[in-house]
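Below are the chains, spelled out letter by letter.
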Amino acid sequence: MIALFTPSPTDPERLVPPSGITAQLTAFAAGAMAFLAVFALALMFATNRVADRWSAELAQTATIRVSAPAPQMAEQVQSVLTILGQTPGVASARAMGDDEQRALLAPWFGPDLPVEVLPIPRLIEVVEDSTGIDAEGLRLRLRAEVPGAVLDDHGRWRRPLIEAAERLRTLGVLSIALIALTMAAMVTLAASASLSANGKVIAVLRLVGARDSYVIRAFVRRFMLRALAGASVGTVFAMAAIAVFPDSGRDTGFLTGLGFRGLEWFVPLLIPPVAAMVAFWATRIAAARKLREIR
Amino acid sequence: MIALFTPSPTDPERLVPPSGITAQLTAFAAGAMAFLAVFALALMFATNRVADRWSAELAQTATIRVSAPAPQMAEQVQSVLTILGQTPGVASARAMGDDEQRALLAPWFGPDLPVEVLPIPRLIEVVEDSTGIDAEGLRLRLRAEVPGAVLDDHGRWRRPLIEAAERLRTLGVLSIALIALTMAAMVTLAASASLSANGKVIAVLRLVGARDSYVIRAFVRRFMLRALAGASVGTVFAMAAIAVFPDSGRDTGFLTGLGFRGLEWFVPLLIPPVAAMVAFWATRIAAARKLREIR
Amino acid sequence: MIELSGVGYSYGDSRLFGDITLSLAPGAFHFLTGPSGAGKTTLLKLCYLELAPDEGQIDIFGKDAAALNRDDIAKARQRIGVVHQDCQFIDHMPLAENIMLPLRVAGRDHAAEQNNLRDLMAWVGLGDKADALPPELSGGERQRAALARAVIMSPDVILADEPTGNVDWDMSLRLLTLLVELNRMGKSVLLATHDLALIRQAKAQVPARVLRLRDRVLQQAGSDL
Amino acid sequence: MIELSGVGYSYGDSRLFGDITLSLAPGAFHFLTGPSGAGKTTLLKLCYLELAPDEGQIDIFGKDAAALNRDDIAKARQRIGVVHQDCQFIDHMPLAENIMLPLRVAGRDHAAEQNNLRDLMAWVGLGDKADALPPELSGGERQRAALARAVIMSPDVILADEPTGNVDWDMSLRLLTLLVELNRMGKSVLLATHDLALIRQAKAQVPARVLRLRDRVLQQAGSDL
Ligand SMILES: Nc1ncnc2c1ncn2[C@@H]1O[C@H](COP(=O)(O)OP(=O)(O)OP(=O)(O)O)[C@@H](O)[C@H]1O
Ligand SMILES: Nc1ncnc2c1ncn2[C@@H]1O[C@H](COP(=O)(O)OP(=O)(O)OP(=O)(O)O)[C@@H](O)[C@H]1O
Ligand SMILES: [Mg+2]
Ligand SMILES: [Mg+2]
């Protein structure tokens, strides 16, 4: 395939009309679809990021609430921490300090809540590792050993959010798939149309004794370069548009802005080669079909 | 324009080749872009719904926390409710019952919290109407009249979510605009390409004495119908796909499924006529340009 | 009906001819000869207004061609039958419909002309080709079809560019007879051809004038034919 | 070099001709005549394998044509020069490059042939048209260019379909002379034409055979020419 980029001495490329509306068509179709594909990619990354963040922040934390008379509190908290230390799936666990609990409760009690003197339970934050904890097993063990401790794995809050995150992911993947398919179809059809408009060129070439491979080569390279150029322009425009897209949302926690982060910026660069590949095969197939009509 | 749908006696329509790849191109471009446009519309509606819901649920509620010694509590709550009754922008306000407060606090204290005996503040839920309340004014008045009452207008929680919602809205509108533009460009180019492939037909027609308007009519009607047919098929497919798209997310509160609700189902039906209009003008302009080349 | 006075034409820089004066009066029969590349086709294109002259004036049906807008040109062409040198058809339409095209374009009732069409197609030897598509015809068949299309409207002027280049001698004579008949009905005919035998034959039938385009000027050919 | 034995061809149901036997030997010069629509072009297309016969066998350069694959056909065509009846060119390429196309396609060094090209173009009267695009040529100029393209490779067989239909008599003779020269060099020529005057002229120069395709059969034309 590399050889297709370097003109050969008896370069058949010039046989294909260099301009005209059908020529622009392939380039434009590739460009427009690349443009949309970049946005779809950005959407997919954004939704993936959201989904990841929600999964990470919501799914992988749990809280254990320890209610006990004040004197036994420290001891019971210690027992729970010990149990947690032995539980598979727990990445870390720690009892919340007074300030933290006060902050959590502030919306309901105000910032001046005397946490120390109130008979309120102590909270232990558990961070799960990627395997996750066996909530039922832990619950049983806690009931046996520290009856005052209740595990709240946030299941109630977690489920709809995780579902939403999954739905976002589906959405992103769906749109990238849709656009990729449409892009392939558009480029294929544009190449066929352009080739069809060049039926005379093909007939003349066969008449003077050109082999099929020569004819195909003449078109494939041109069309591939056109798709490559079109898709590159579309990709660059879209990436520029995304780069200037307002992205203040880094810390909202719910939805980051549409855009790429770090290495993600390299993924859209795959679009032009993919478009070129599509054009390559579309042209080959269309040219072969056209050639079958004449001898 | 209506007249374009009813064949005239000296019907020029048959002058345009009925099939062939360039003919399919217009229909397919319209179809593919209609397909994407329906999804973009669904995305826009979904994001709009999310944004609306977040705005409604988050922006338009506030909480007032009344801390007071138990005996004075009821009286102070009543004062706050009275004040709220006089505050412009308040749609309704009510003190939460014990069960509600217990449910809210359950994650931290467990379900068995003795709300009645604890010295915890009472919460008053305020629902704003569309004008919203003047938070500073209310705060001042409360401080003067019910010193134990603190207004929490959720500003801290609200802001990032509203920003996220706005960003979602932007995203939806952006994708619909992008796709609409691409659709217009694709249909225009496809029509030009197809017309260009029919240069001979136009030359023959002029040679035998056809007026420009006759030539244009011959093409415009065909192409418009093609775009209409293509876009209709694309729209129907996309709507069918969306209708079967899993949509369990009605109640997640964060993100509803991709789809249409109620009257929204009628909006995508506008896409085929729009595609036909675009084809109408694209063809007129392309035909006029082509005609200018020959006398 | 078509008058050229002092007409000159150049493609880009290369001047093809100049100062051409020619009058296609009703009932006139002109042959146009000259070496290949002399500008015969170009002169015909000037007559049916596909090209506009660089200099001089063309009057068409009594009006100055330079003053006509595109719709006027279309209307004038409905009174001119043209046989293009590389006869062009609408490839997806059956031959009969292609030949009827001038009527259709002019909005004339073409159902009423079916008999006329049948006779005409039979005369030019295409009686059994009504449903064939143009690309399925032989070169000579296409030329005959182009002539049939040019005369179906019984136009006032017939401009034929090499209408017998690809047909045999017998068929050439049939086509010539058709044109002579039309000429006798008062139509004006301008026929570009290389075929001197055909010209000689025609001169026996009608008082035809032979014009020769050579070395940038149009002359009346003399007895050297 | 091309041998047809018992060849028949039909377009769809309509049988064009049958049982045609023809041998294009090295150094042979054949004319092919017959009324328009008789099947001359079709017969030529069979010879350069654009069409496959319904019956009979075609041997080309010693091989059975039915056994050739597409690449073999391409290779055989590099030894055949064809003048198509409606001469086809690549419209965006200058005329000189169009004429050089067979060399380029065969991968031959076309820089070395520039002199050859210049002489050939001058001979057919296109000396000043090297840079013109094919659509800018007159009908006769295109025909001459098509002949130039057919002979540039000095092919073993030359199949020319009506190569003089649009050119004047003097130019026809020049083109004939070119073909006669090539024929004297051992090339085999098959020339379809309506121009009986040209045939008569040729018979004075070479021992040409005249074949007439009529009423579905191919006959040798006698003294009735
Ligand atoms: N569109 C064009 N652009 C540039 N030059 C052109 C164009 N059309 C024709 N010519 C040139 O003008 C000259 C006259 O062309 P024209 O077709 O009028 O000749 P003609 O007399 O009809 O010849 P023929 O007998 O071969 O048909 C030719 O040399 C041709 O190359
Ligand atoms: N592709 C096709 N499909 C159907 N019929 C065809 C096709 N090509 C040619 N024919 C018919 O076959 C017959 C012979 O055609 P051909 O072109 O071989 O004639 P020809 O002898 O070359 O005539 P001319 O002298 O007019 O060029 C014609 O009647 C034509 O209509
Ligand atoms: Mg000419
Ligand atoms: Mg023929």
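In case you missed it, the structure is sitting above this.
Here the structure is a predicted model, which means the values were calculated and not measured.

A.B. asks: Lay out the packing of helix α4 (residues 114–123) of chain C against helix α6 (residues 169–184) of chain C with the relevant residues and their values.
C.D. replies: All names here are of chain C. Put simply, α4 and α6 touch, their axes get as near as 10 Å, and they point 140° apart. On the basis of their axis angle, the class for α4 and α6 is oblique. Along the contact surface, α4 presents Leu 120, Ala 122 and Trp 123, while α6 presents Arg 174, Thr 177 and Leu 178. Looking at the contact of α4 with α6, its residues break down into four nonpolar, one polar and one charged.

A.B. asks: Which residues make up the site of ligand 2, and what values go with them?
C.D. replies: The environment of ligand 2 is made up of 19 residues, and the closest members are Ser138(C), Gly140(C), Ser36(D), Thr41(D) and Thr42(D). At a separation of 3.3 Å, an oxygen atom of ligand 2 approaches a polar backbone atom of Ala38(D). In isolation ligand 2 exposes 640 Å². Once the protein is present, 86% of that is buried. Those elements that place two or more of their residues in the shell around ligand 2 are α5 (139–151) of chain C together with α1 (40–47) of chain D. Among the residues forming the shell around ligand 2, the class breakdown is four nonpolar, eleven polar and four charged.

A.B. asks: Quick rundown of the site of ligand 1? Include the residues and the values.
C.D. replies: In the neighbourhood of ligand 1, 19 residues make up the surrounding shell, with Ser36(C), Thr41(C), Thr42(C), Ser138(D) and Gly140(D) lying closest. The local environment of ligand 1 is shared, drawing residues from chains C and D. A distance of 2.7 Å separates an oxygen atom of ligand 1 from a polar backbone atom of Lys40(C). Gly139(D) is positioned with one of its backbone polar atoms (N or O) 3.4 Å from an oxygen atom of ligand 1. Out of a free accessible area of 630 Å², ligand 1 has 86% covered by protein chains.

A.B. asks: I'd like a description of the interface of chain C and chain B, backed by residues and values.
C.D. replies: With 29 residues of chain C at the interface, the matching set in chain B holds 24 residues. Taken over both partners, the interface formed by chain C and chain B buries close to 2400 Å², and the fraction arising from carbon and sulfur atoms is 54%. Across the pair Asp91(C) and Lys200(B) runs a salt bridge, and its minimum N-O distance is 3.2 Å. Viewed at the interface, chain B and chain C are joined by ten residue pairs in polar contact (both at pLDDT 80 or more). Among the elements of the structure, α2 (70–77) and α3 (95–105) of chain C are those that each provide at least two residues to the side of chain C that touches chain B. Considering only residue class, the side of chain C that touches chain B consists of 15 nonpolar, five polar and nine charged.

Thresholds, definitions, all that
Residues numbered from 1 in each chain as written. Chains lettered and ligands numbered in written order. Predicted model: local features only at pLDDT ≥ 70, side-chain atom pairs only at ≥ 80, totals over all residues. Heavy atoms only, no water. Axes fitted to C-alpha atoms, helices over the stretch in contact; angles between N-to-C directions. Helix = DSSP H or I, 4+ residues; strand = E, 2+ residues; numbered from the N terminus. Parallel < 35°, antiparallel > 145°, perpendicular 65-115°, else oblique. Contact = heavy atoms within 4.5 Å. Nonpolar A, V, L, I, M, F, W, Y, C, P; charged D, E, K, R; others polar. Near = heavy atom within 4 Å. Polar contact = N/O pair within 3.5 Å; in protein donor to acceptor, adjacent residues only side chain to side chain. Areas by Shrake-Rupley, 256 points an atom, 1.4 Å probe, with all protein chains shown as cover. Buried area = accessible area lost by both parts, 1.4 Å probe. Salt bridge = Lys/Arg side-chain N within 4 Å of Asp/Glu carboxyl O.

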